[in-house]
Amino acid sequence: MSDNEPPAQPKAHRALVVWTLLVTSAATFMASLDNLVVTTALPVIRDDLGGDLADLEWIVNGYTLPFACLLLLGAALGDRFGRRRIFGIGVALFTVSSAAAALAGSPGALIAARAAQGTGAAILLPLSLTLISAAVPAARRGAAFGIWGAVNGLAIASGPLVGGAITEHLTWQWIFWLNIPIGLAVLPLVYTRLAESHGPNNRLDLIGAVLASGGLFGIVLSIVRGHEHGWTSGPVLAGFAVGAVLLVAFVLWELRTPHPMLPMRFFRSRTFTAINVASLLMFLGMFGSIFLLTQFLQLIQGYSPMEAGLRMLPWTAMPMLVAPLAGALSDRVGGRPIVATGLALMAAGLGWFAVLAEPDVSYASQVPAFVICGIGMAMFFAPTGAMVMGSVSPEEEGIASGVNNALREVGGALGVAVLASVFASQGGYETPRRFTDGLVPALWLGAAALVAATVAILFTANARRPGPAPDGPLAKEPPRTPVTMTA
């Protein structure tokens, strides 16, 4: 299916677009929801399975670590062996590992199942964007990515509400059982309603995949272990060193191999570079802050998991309302002003929380901050997919999506680890006052990361329609072989 499909089959084309959006959105909702669905359930899980702060961080980061490290590999496998085929494998793995998480009887078993979930998510998430991009005409991709962004943002933001409601009225295990019927419903549709597509490279860059995955693993592992073992401890420093060496080796290898999994010319594009930097910083500020705020609502303000999730609705409902509008608007005015405004709003919202954070602060005074953060998150998620895809050629969108999602997950792991470290160094769980003493500087750090992301996004080119950006890495290169697609 190509962008200039003849008008003889408009209904078939529209049906393909609709099914692609429905199937990929359902699968990515399931995967994105599990990023933060356990946050409101963490106190209950700790009471049931045992564990300390480090175990709670690992229940979150056990998912994030393989997610971040394997996204590039997942995108490359899809380009090589078929995006629909590998996407289906990712959905199946995620579904099976969700059942394993529900059956876990110890923190270690739960963390292992979460790691398998993260692996499945790393396969399906980047390929969802390339499947959409292959099915939707270029002029309408902004709106399509806006819908995808709304679903993705809603899933991430509504995780605390869903987790809280299930934990309070059922048991925390049902957080994971919920994925089973979704996965079983989506899987047959993947192979009957989606079109198959491949990238132009028929060789898998195994050396590049090993170097990239190993380097990211070393860096992210040290990030999540820094608080537990100390940032200057031997194992943490060794992980940073080994990870850095492997990533440098990855760059050198990609510069010389004739079939790179990540062409280094991508980074000639200001848009590609800036949107990825902004994505990392945004997830750093958002993930770390939500990790702490959901605990603040329960442990300090005394709300149950369900009540805490409901009180985050002013945040979680905004992506559903705002993201589709922001995505469609990005086709008209460009993505840069929308994303920059969204990041600035999120920074302001976290700053609001930091100013108000007291053990006895009223919920009503927090509502404006929740709303501002929700609007800002929606405005970020909606146009970023189109901006990333528009900075590379169509046949290389899979790997571009993998890079962006990998950096988001690295940012999320960094946010939970660093903000939890700041929280622990300045406060603790002993008393409500000690908790807020640690919460306030952590929130200010999250706000600072979002301010830096706002500055980064201002360096992008503001292309109005999806497609190679004027400063893009392929602007002066000859046309490439188009993506092949079969029904």
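None of these values were measured; they are calculated from a predicted model.

Asks: Honestly, the overall build of the chain in this entry has me stumped. Any pointers?
Replies: Looking only at helices and strands, the chain features 18 helices and two strands. Evaluated residue by residue, the chain yields a buried proportion of 60% over its 487 residues. Contacts in the chain between residues far apart in sequence, at least 24 positions, make up 85% of those at least 6 positions apart. Accessible area of the chain: about 17300 Å², with a carbon and sulfur share of 68%.

Asks: Would you explain the packing of aromatic side chains in this entry?
Replies: Each aromatic ring pair is summarised here by two numbers: the centre-to-centre distance and the angle between the ring planes. What the rule picks out here adds up to nine aromatic pairs. Seen from their ring centres, Y63 and F94 are 6.4 Å apart, and the 85 degrees between their planes marks the pair as edge-to-face. In this pair, Y63 is assigned in helix α3 (residues 53-81) and F94 in helix α4 (residues 83-102), connecting sequence segments 31 residues apart. Y63 gets classed as buried once you look at its relative accessible area, which sits at 0%.

Asks: Help me understand the pattern of salt bridges in this model?
Replies: The final tally for this structure, using the stated rule, is one salt bridge. Across the pair R433 and E358 runs a salt bridge, and its minimum N-O distance is 2.7 Å. Of this pair, R433 sits in helix α18 (residues 432-457) while E358 sits in the loop between α15 (335-356) and α16 (367-390), placing them 75 residues apart in sequence.

Asks: Any chance you could explain the packing of α4 against helix α8 (residues 179-193) here in plain terms?
Replies: Interaxial distance between α4 and α8 falls to 9 Å at its minimum, and their mutual angle equals 165 degrees. The orientation of α4 with respect to α8, classified from their angle, is roughly antiparallel. The handedness of the crossing between α4 and α8 comes out as left-handed. Each of R84, R85, F87, G88, I89, V91, A92, F94, T95, S98 and A99 in α4 lies in contact with α8, whose residues at this interface are N179, I180, G183, V186, L187, V190 and Y191. Classifying every residue of the contact of α4 with α8 gives 11 nonpolar, five polar and two charged.

Asks: Can you help me understand the packing of helix α11 (residues 270-300) against α18 in this one?
Replies: When two helices pack together, their arrangement is given by the angle between their axes and by how far apart the axes lie. Between α11 and α18, the shortest axis-to-axis distance is 8 Å and the interhelical angle comes to 160 degrees. By the angle between their axes, α11 is roughly antiparallel relative to α18. Our pair here, α11 against α18, has a crossing hand that is left-handed. In terms of residue class, the contact of α11 with α18 is made up of 22 nonpolar, five polar and no charged.

Asks: What am I meant to see in the side chain of Q295 here?
Replies: With respect to the element layout, Q295 can be found in helix α11. For Q295, a relative accessible area of 1% puts it in the buried group.

Asks: What's the story with the nonpolar core in this structure? I'm lost.
Replies: Ranked by size, the top nonpolar core spans 102 residues in total, and within it L110, M282, M286, W315, L343 and F353 carry the most contacts. When residues in this core are grouped by element, the largest group, 17 residues, is from α11. Once residues lying within four places of it in the same chain are set aside, the contact partners of L110 are I45, L49, I59, A101, A104, W172 and F176. Grouped together as the second largest cluster of nonpolar side chains are 29 residues, F67, L71, F94 and I123 included.

Asks: How should the confidence of the model for the chain be read in this particular structure?
Replies: Interpretation of this model should avoid reading the predicted coordinates in detail wherever pLDDT is low. With 83% of its residues at a pLDDT of 70 or more, the chain has an overall mean of 78. Confidence drops under pLDDT 50 across residues 1-9; counting only partners more than four residues distant or on other chains, this segment forms nine contacts. pLDDT under 50 marks residues 464-487. Its contacts with residues more than four places away, or in other chains, come to 61 contacts.

Asks: How should the side chain of S213 be read in this particular structure?
Replies: Here S213 lies in helix α9 (residues 206-229). For S213, a relative accessible area of 15% corresponds to the buried category. A polar contact of 2.9 Å, which involves the side chain of S213, links it to the backbone oxygen of A209. Sequence-distant contacts of S213, defined by excluding residues within four places in its chain, comprise C69, L70 and L73.

Asks: I keep staring at the environment of V277 and nothing clicks. Help me out?
Replies: With respect to the element layout, V277 can be found in helix α11. With relative accessibility at 38%, the residue V277 sits in the partly exposed group. Along the sequence, V277 and A453 sit 176 residues apart, while their C-alpha atoms lie 7.0 Å from each other.

Definitions and limits used
- Residues numbered from 1 in each chain as written.
- Predicted model: local features only at pLDDT ≥ 70, side-chain atom pairs only at ≥ 80, totals over all residues.
- Heavy atoms only, no water.
- Helix = DSSP H or I, 4+ residues; strand = E, 2+ residues; numbered from the N terminus.
- Buried < 20%, exposed > 50% of the residue type's maximum accessible area, 1.4 Å probe, protein only.
- Contact = heavy atoms within 4.5 Å.
- Areas by Shrake-Rupley, 256 points an atom, 1.4 Å probe, with all protein chains shown as cover.
- Phe/Tyr/Trp six-rings, centres within 6.5 Å; stacked < 30°, edge-to-face > 60°.
- Salt bridge = Lys/Arg side-chain N within 4 Å of Asp/Glu carboxyl O.
- Axes fitted to C-alpha atoms, helices over the stretch in contact; angles between N-to-C directions.
- Parallel < 35°, antiparallel > 145°, perpendicular 65-115°, else oblique.
- Left-handed = near helix turned anticlockwise from the far one by under 90°.
- Nonpolar A, V, L, I, M, F, W, Y, C, P; charged D, E, K, R; others polar.
- Core = buried A, V, L, I, M, F, W, Y, C linked by side-chain atoms within 4.5 Å.
- pLDDT = per-residue confidence, 0-100.
- Polar contact = N/O pair within 3.5 Å; in protein donor to acceptor, adjacent residues only side chain to side chain.

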